[in-house]
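# Architecture at a glance
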Amino acid sequence: MRKHELYAAAASILTFVLLCRVFSGTPENAGPLAWLSPGAAVNGISFALAFAAGMPPKVAMTLAIVLMIALPYGVYRLTRFLLARRIAKG
């Protein structure tokens, strides 16, 4: 595994963890196992989309699942592309 792929994977994992942390809805003094819950994060994102954006609940839940998958993947692809480009330029 090349260096830029390793950095991209780390950025993707960090994005996933931060999404779980922000949208899990756990209190500030909860431990890491409490807020590292993808199910709670999907529920939090779907609530935010349904309440703030006025989406139907089924659409909001589907979009929340897609966001939890697509956002870390997009960060991985973008980071990998930018680092490979930087390394290639020297």
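To be clear, the structure that these remarks concern was listed above.
## Overview of the packing of helix α3 (residues 38-52) against helix α4 (residues 57-89)
For any two helices packed against each other, one specifies the crossing angle of their axes together with the interaxial distance. Where α3 meets α4, the closest approach of the two axes is 8 Å, and the angle between their N-to-C directions is 130 degrees. One way to sum up the angle between α3 and α4 is to call them oblique. Along this stretch, α3 crosses α4, giving a crossing that reads as right-handed. Listed contacts from α4 to P38, A41, V42, N43, I45, S46, L49 and A50 of α3 are A60, M61, L63, A64, I65, L67 and M68. Looking at the contact of α3 with α4, its residues break down into 13 nonpolar, 2 polar and no charged.

## Looking at the nonpolar core
Counting residues in hydrophobic clusters, the biggest one holds 9 residues: L19, C20, A41, V42, I45, L49, A60, A64 and M68. With 4 residues, α3 is the largest single contributor of residues to this core. Those residues in contact with I45, other than ones at most four positions away along the chain, are F23, A64, L67 and M68.

## Details of the packing of helix α1 (residues 3-23) against α4
Two elements in contact, α1 and α4, have axes separated by 8 Å at closest approach and are oriented at 150 degrees. Judged by the angle between their axes, α1 and α4 are roughly antiparallel. Crossing of α1 over α4 shows right-handed handedness. For the pair α1 and α4, contact is made by H4, E5, Y7, A8, A9, A11, S12, T15, F16, L19 and C20 and by L67, M68, L71, P72, Y73, V75, Y76, T79, R80, L83, A84 and I87, respectively. Class assignment of the residues belonging to the contact of α1 with α4 gives a composition of 17 nonpolar, 4 polar and 2 charged.

## Here we look at the pattern of salt bridges
By the definition in use, this model includes 1 salt bridge. For R2, the salt bridge is made with E5, and the minimal N-O distance between the two is 3.3 Å. Relative accessible area serves as the criterion here: at 55%, R2 is assigned to the exposed category.

The rules behind each value
Residues numbered from 1 in each chain as written. Predicted model: local features only at pLDDT ≥ 70, side-chain atom pairs only at ≥ 80, totals over all residues. Heavy atoms only, no water. Axes fitted to C-alpha atoms, helices over the stretch in contact; angles between N-to-C directions. Helix = DSSP H or I, 4+ residues; strand = E, 2+ residues; numbered from the N terminus. Parallel < 35°, antiparallel > 145°, perpendicular 65-115°, else oblique. Left-handed = near helix turned anticlockwise from the far one by under 90°. Contact = heavy atoms within 4.5 Å. Nonpolar A, V, L, I, M, F, W, Y, C, P; charged D, E, K, R; others polar. Core = buried A, V, L, I, M, F, W, Y, C linked by side-chain atoms within 4.5 Å. Buried < 20%, exposed > 50% of the residue type's maximum accessible area, 1.4 Å probe, protein only. Salt bridge = Lys/Arg side-chain N within 4 Å of Asp/Glu carboxyl O.

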